[in-house]
Amino acid sequence: MLRLSAACLIAGVLLSTPLSAQTLRYGMMEDPDALDPTLARTFASRMVFTALCDKLVDIGTDLKPVPQLATAWELSSDEKTLTMHLRPGVKFHDGEPLNAAAAKFSIERHLKMPGSQRRSEIAPIDAVEVVDDLTFKIVLKAPFAPLMAQFTDRAGMMVSPKAAERLGDKFSTAPVCAGPFKFVERVPQDRIVVERFPDYWNKDQIHIQRIEFRPIPDATVRLTNLRAGQLDLLERLAPTDVPQVTRDAKLKLGSVYELGFQSLLLNPAKAGSPLGDPRVRQALELSIDRNALNQVVFNGEFLAGNQWVSPKHPNYVKEYPVPKRDVAKAKALLAEAGQPKPQITLSVYANSEAPQVGQVIQAMAKEAGFDIKIQAADFTTLLDMADKGNFEAYLYSWSGRPDPDGNTFSFLGCKTPLNYTRYCNADADAALQAERGTVDTAKRQAAWKSLADRVLTDRPVVYLLHRKLLWAYANKLTGFVAYPDGLARFTGLKLN
Amino acid sequence: MLQFLARRLALAVPTLILASMIIFALQQLLPGDTATALSGEERDPEVIAFIRDKYHLDRPLPVRYGYWAAGVLGGDLGESIRLQKSVSELVAEKLPVTLELACLAMLVALAIGVPMGILSAVRRGTWADTLANGVALWGLSIPNFWLGILMILLFSVQLGWLPASGYVPPSESLWENLKAMAMPAFVLGNAISAVMMRHTRAAMLGVLGSDYVRTARAKGVSPLRLVLRHALPNAAIPIITLGALEFGQLLSGAVLTEQIFSVPGFGKLMVDAVFNRDFATVQGVVICTAATYVGLNLAADVLAAAVNPKLRRA
Amino acid sequence: MSGIDRDGAALLPSPTVVEGRRVPLPREPGTLRAFWRRLRARRSAVVGLVIVVGLVLMAVFAAWIAPYDPTETDWGAVRAAPSLAHPFGGDEVGRDVLARIVYGARASLGAGLVSVALAVSLGLPLGLVAGYAGGWVDGAIMRLTDALLAIPFLILAIALAAFLGPSLTNAMVAIGLSATSTFVRLTRAQVQALAAEEFVEAARSVGNPPWRIALVHILPNIVPAILVQATLTIAAAIIAEASLSFLGLGQQPPEPSWGAMLNVAKNFLDQAPWMAIWPGLSIFLAVLGFNLFGDGLRDALDPRGRT
């Protein structure tokens, strides 16, 4: 047995590679999926892309696009042609130049590659035309307000045409982009390693040699590792752990309210469900005390909300403030609906927080007469159930997009892919077409208001909370800025 | 003996085929498929349809099993759709980790179980025997994941001596590696140590009661020498045989321990794959663990038969 | 030895140890009393019995023992430290941990008993058929059993529980099905050992039909071995239920189960360690009780085979 153990150890030694100094060790909640900007679909992979792949534009802390690979852009007066000017002298990790042809290739790859997750995000693009070496034109089928916001995310990421053609759908095994770090290796479920790209266009601002992304699903364990010095930075700190971080002199806290939301999807179409009656849906909303929910489960760190964007967002519809809890009114509504004790099944994701939220809602709604049964399931089961519309109430979270269109269009438009409750209302649909049809701020805000008029009365979705995204890091790390999209940037970061 | 070996091997094949069929069929019964799990937040219907088509997810069950089985016969365990890596590569990557954990756990189990088993057999009926049995019962009764949590609470949270998780490859730092593996190995080994103690005790009692030991004792061989030179070597065969079986189970049994300590081994790979409906990975890993299990069983049987010819008829 | 509980891989005993040793039934009436006397003489067995009976009583009379409703929330007691009002503290949504421990016994013991009952009721007939019929029937049943044993237990149980939908009942079914192989193998081995015995030969020579021999002559003689194995498997099944609940595949919130409580507690180890300590201790106690009792039962039934 001893000899066997020795053999095991030696096998382990031979099968891994060494580590150099000046390494930022980043603890993440999930193991990212495919590291291909066209195919990627998770929040976790976006965290890695901020190191690997620069975008045409980045997002500023005020949610407006700022130059990254593109330095300037103009939209034609009919809002159907966007001209973009690329930064000169930018190279991909394989030394290939980033020019208009490469940009055209990347955008067309997003549009045409089989299985592309980006196609639906930029579907209104009709054609991409090269104007000169560093200028290209995007021609739209119809005005599309969220386009610039899409370019601040994966749809705006440029890949080396040479590498992409060589690797095809295996691009994710060795991604080649134009970001500050280049890909080194990936051990699934264990680590992703990237190292500083010496020819990066903004290399003076990159002070870290290597980044190791380490997936550690359990929030407590991530924090324990940070405190023990095995990590330098972690994301999605549990809100209940905030006091521990603030108490610890060796740790610092970064935070920003998310662009997404936590919500309750109410499915009126589910046969026999009491939720078919709008009064029952209203009663359920009235029975919930959002602030108490926030306090009990999240130590009051999150933000109570009632819309697809948080009350702090510039596009929040101020005519509809967060409603107060009113149990008496909820009871009256249930009595009026002739259903004093409605039975509802609430589906939640079996992670550490969602069942808690579910149980608090269950206890609150009980006081108004609701009898809620909780069903916790793994996420694939839930997605299957949601895709099929086979649920009554579903505790649903969305990570959010910089443009509110990304939080509404696919959820509330008729026959859109994320519209799990099959909500379809002509007025709401018209409002959604209106908001994406123009970049005019006032016109868009009017559209958000008329969308709220319908959705907040019909309640296919009851918006509850907006999470605060929390990072904890060792105080030897400086230059950390919390971006509203929840992704840590590595530009300007220093390990002292 | 050769005939016996051939017969046993012939029996192992249908067992493995059946195991692969069971796990394959079971996975297809789960709600949702790889496309559901992989279509991401956006849930673009075209993407879902594309994935289903690309990986034959919309074909009938036997056809898909056929695709998989044909691959395996050609030495290809398939590709993890989620991790975009061949399952064989994944296995090669995760096996050393789980193997190291299992080896260390076995070391813990032997270090605790064998001396205790010997002691309780030699001092049968005394307080030492009672104590050893008590420790064995503790090992058998304490839930692994609870012991893991308690150890994290004590050694990581309170004392800060050991990392709560985070596997470090031995090449990077052997010391850090052992520190990270200490708790999972102990938790896993603790349970087996009870089993090893009981096996050792039983085997030693059997040998100590045999004629030649009694003869040796009558000749005046010292008690220590009697135990170490005469009894233990004879008791070793069943201990090794049973130890091998336990080892086989360790490989597949570390699922929860790996989950708690975030050890990136087989168990974690499998659980994540089940939840992501990453069929090829589940299939590949289960087949590998099943083959190891069957192989170690076979080895144990052969070893036992080599020692005791009567068993060859079985 | 069996009931190995690493990770709930538990339900896979080392068959080579269990099989082959036949535990004889005390056949004359006098020996039944002798068996009871032997059982009582083993202090550990008595301790085990006391623990088991105590927990069963706690589960049955939970409504009288628990100081609160186990699902009643009190926003003032969220992760509250133990106090006079809540002697075991409060949980993540302000419920009384003591009340949940008391009621949680129902889920744990229920899961142990029901799943093992299911495993025995499936495994025993299959084992009888395999052992007595022999031939291709035996071969088919044994290959199936081997195949099930070769699949890691927890993976089998997770897949079954995910397929059936997460609930306590389905967790019981998943555990029961996963544990069936153990009883098939044990029964078969016992039957084969018995089939060669003189009294079975005698019964056969008088022209008894096979089903009669199996049911009347063999079955009663293998009951003790099954009983011992069942007791030890209950211990393992309790851990298995806790493991599945720990992964979110067992008891659904807000109903309490020790495993589910531990699952939540692991997020608050630093702030509310009591949330982890009590449910873990309860599982430990229950498993210990069944293990002690099972060991005692085996020794008392088979005084010679005391190993």
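Small disclaimer: the values here were computed from a predicted structure and weren't measured. (Residues numbered from 1 in each chain as written. Chains lettered and ligands numbered in written order. Predicted model: local features only at pLDDT ≥ 70, side-chain atom pairs only at ≥ 80, totals over all residues.)

All names here are of chain A. Here we have 4 strands laid out as an open sheet, ordered β4-β5-β7-β6, and antiparallel in their pairing. In this open sheet, the two edge strands, each paired with only one partner strand, are β4 (70-75) and β6 (125-132). Neighbouring strand axes in the sheet, compared pairwise and without regard to direction, differ in orientation by 20° on average. In the sheet, strand β5 (residues 81-86) pairs with strand β7 (residues 135-140) via 5 bridges, with the strands oriented antiparallel. Counterpart to Thr83 in the pairing with β7 is Lys137. With respect to the sheet, helix α3 (residues 100-112) is in contact with β5, β6 and β7, its orientation differing from that of β6 by roughly 170°. (Pairing = 2+ DSSP bridges. Helix = DSSP H or I, 4+ residues; strand = E, 2+ residues; numbered from the N terminus. Axes fitted to C-alpha atoms, helices over the stretch in contact; angles between N-to-C directions. Contact = placed C-beta atoms within 7 Å.)

This paragraph deals with the domain arrangement of chain A. When the parts of a complex come together, some accessible area is lost, and that lost area is often taken as the interface size. Residues and elements named next belong to chain A. Segmenting chain A into domains produces domain 1 (17-35 + 179-258 + 472-495), domain 2 (57-164) and domain 3 (261-466). The C-alpha centroid of domain 3 is placed 33 Å from the C-alpha centroid of domain 1. In this complex, domain 1 contributes 6 residues to the contact, which on the side of domain 3 involves 10 residues. Of the residues in the side of domain 1 that touches domain 3, the class split is 3 nonpolar, 1 polar and 2 charged. (Domains from an automatic or database assignment. Nonpolar A, V, L, I, M, F, W, Y, C, P; charged D, E, K, R; others polar.)

Attention now moves to the interface of chain B and chain A. The interface is formed by 47 residues belonging to chain B together with 47 residues belonging to chain A. Secondary structure elements with two or more residues in the side of chain B that touches chain A: α2 (34-38), α3 (45-54), α5 (87-122), α7 (144-158) and α12 (266-275) of chain B. The dominant element in the side of chain B that touches chain A, judged by the number of residues it contributes, is α5(B), at 10 residues. Grouping the amino acids of the side of chain B that touches chain A by side-chain chemistry returns 24 nonpolar, 11 polar and 12 charged.

Residues and elements named next belong to chain B. Taken as a whole, chain B is organised into domain 1 (2-79) and domain 2 (89-313). When each unit is reduced to the centre of its C-alpha atoms, the spacing between domain 1 and domain 2 is 31 Å. Domain 1 puts 21 residues into the contact, and the matching count from domain 2 is 19 residues. Secondary structure elements with two or more residues in the side of domain 1 that touches domain 2: α1 (2-29) and α2. Among the elements that take part in the side of domain 1 that touches domain 2, α1 stands out by supplying 11 residues, more than any other. Looking at the side of domain 1 that touches domain 2 residue by residue, the class counts come to 11 nonpolar, 7 polar and 3 charged.

Taken together, the contact between chain B and chain C spans 47 residues of the former and 44 residues of the latter. Taken together, the elements giving at least two residues each to the side of chain B that touches chain C come down to α1, α6 (127-141), α7, α8 (174-208), α10 (223-253), α11 (255-260), α12 and α13 (279-307) of chain B. With 9 residues, the top contributor of residues to the side of chain B that touches chain C is α1(B). Tallied by class, residues from the side of chain B that touches chain C come to 36 nonpolar, 9 polar and 2 charged.

Bringing the UniProt feature "transmembrane region" (unreviewed entry) in chain B into the picture now. Residues and elements named next belong to chain B. As recorded in UniProt, the feature "transmembrane region" (unreviewed entry) lies at residues 9-30, 99-122, 134-161 and 181-197. Taken end to end, residues 9-30 is 95% helix and 0% strand, and its first and last C-alpha atoms sit 33 Å apart. The annotated region residues 134-161 carries 82% helix and 0% strand content, and the separation between its end C-alpha atoms amounts to 28 Å. (UniProt positions renumbered as here; feature names shortened; annotations may be inferred.)

All names here are of chain A. Strands sit in the order β8-β9-β10-β1-β11-β19-β12 across an open sheet of 7 strands; the sheet is mixed. Only two strands of the sheet have a single partner each, and these edge strands are β8 (181-187) and β12 (251-257). As judged from the 4 bridges shared by strand β9 (residues 191-196) and strand β10 (residues 210-215), these two strands associate in the antiparallel manner. Each residue of the ladder has a partner; that of Val194, found in β10, is Ile211.

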